[in-house]
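Listed here are the chains, written in short residue letters.
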Amino acid sequence: MDDLALCISRHERYPPEVRPGAVLTVRAVLVDMPDLAGGQAGTALNFRDVPDLGPRAAYCARRFRKITPGAPDSFDAEVIDLMADATRVGR
């Protein structure tokens with residue numbers, strides 16, 4: 001895969017490095033992943049650069065946005081900074 005994903009929201013069980021504003025490398029995309037909490041099945045992601053959540057768990061794809069590879073340009077960097085700041089305000 002090696003696509004890049006921007007974290008836009010964080011679940012409380014995610015490790016600290018998986019936080020809004022973090023850019024992660026996708027290792028696998030899992031379709032129809034069952035929701036272990038009883039919700040609807042959906043798309044989930046596994047990443048190369050963060051801990052695996054286990055054989056029956058993965059990161060919810062709704063909490064990430066696909067970004068183009070390469071270094072963010074000045075507009076991308078500004079958007080990432082604004083999104084990261086917005087999540088800190090709500091804490």
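Up top is the structure these notes are about.
Residues numbered from 1 in each chain as written. Predicted model: local features only at pLDDT ≥ 70, side-chain atom pairs only at ≥ 80, totals over all residues. Heavy atoms only, no water.

1. Structural notes on the pattern of salt bridges
In step 1: If you walk through the whole model with that rule in mind, you get 2 salt bridges.
In step 2: Here Asp3 and Lys66 are joined by a salt bridge, their closest N and O atoms 3.7 Å apart. Residue Asp3 is located in the segment before β1 (4-7), and its partner Lys66 is located in strand β5 (residues 64-67); the two are separated by 63 residues in the primary sequence.
In step 3: Among the residues examined, Lys66 registers a relative accessible area of 65% and is labelled exposed.
In step 4: A salt bridge links Arg27 to Asp52; its shortest N-O distance comes to 3.7 Å. Of the two residues, Arg27 is situated in strand β2 (residues 23-33) and Asp52 in the loop between β3 (42-47) and β4 (59-60); the sequence distance between them amounts to 25 residues. (Salt bridge = Lys/Arg side-chain N within 4 Å of Asp/Glu carboxyl O. Helix = DSSP H or I, 4+ residues; strand = E, 2+ residues; numbered from the N terminus. Buried < 20%, exposed > 50% of the residue type's maximum accessible area, 1.4 Å probe, protein only.)

2. Description of the pairing of β3
In step 1: In this structure, β2 lies alongside β3, joined through 5 bridges in antiparallel fashion. Note that in β3 the partner of Leu30 across the bridge is Ala44. (Pairing = 2+ DSSP bridges.)

3. Notes on the packing of aromatic side chains
In step 1: All told, the structure shown has 4 aromatic pairs when counted by the stated rule.
In step 2: Between Phe47 and Tyr59, the ring centres sit 5.3 Å apart and the planes meet at 50 degrees, which makes this aromatic pair tilted. With Phe47 in strand β3 and Tyr59 in strand β4, this residue pair connects regions lying 12 residues apart in the sequence. For the pair Phe47 and Tyr59, one class covers both residues: buried.
In step 3: Where Phe47 meets Phe64, the ring centres are 5.0 Å apart and the plane angle is 50 degrees; that geometry is what we call tilted. With Phe47 in strand β3 and Phe64 in strand β5, this residue pair connects regions lying 17 residues apart in the sequence. (Phe/Tyr/Trp six-rings, centres within 6.5 Å; stacked < 30°, edge-to-face > 60°.)

4. Quick word on the sheet that holds β3
In step 1: Here we have 5 strands laid out as an open sheet, ordered β4-β3-β2-β1-β5, and antiparallel in their pairing. Strand pairing shows two members of the sheet lacking a second neighbour, β4 and β5, which therefore form its edges.
In step 2: In the sheet, β1 pairs with β5 via 4 bridges, with the strands oriented antiparallel. Following the sheet pairing, Ala5 is matched in β5 by Lys66.

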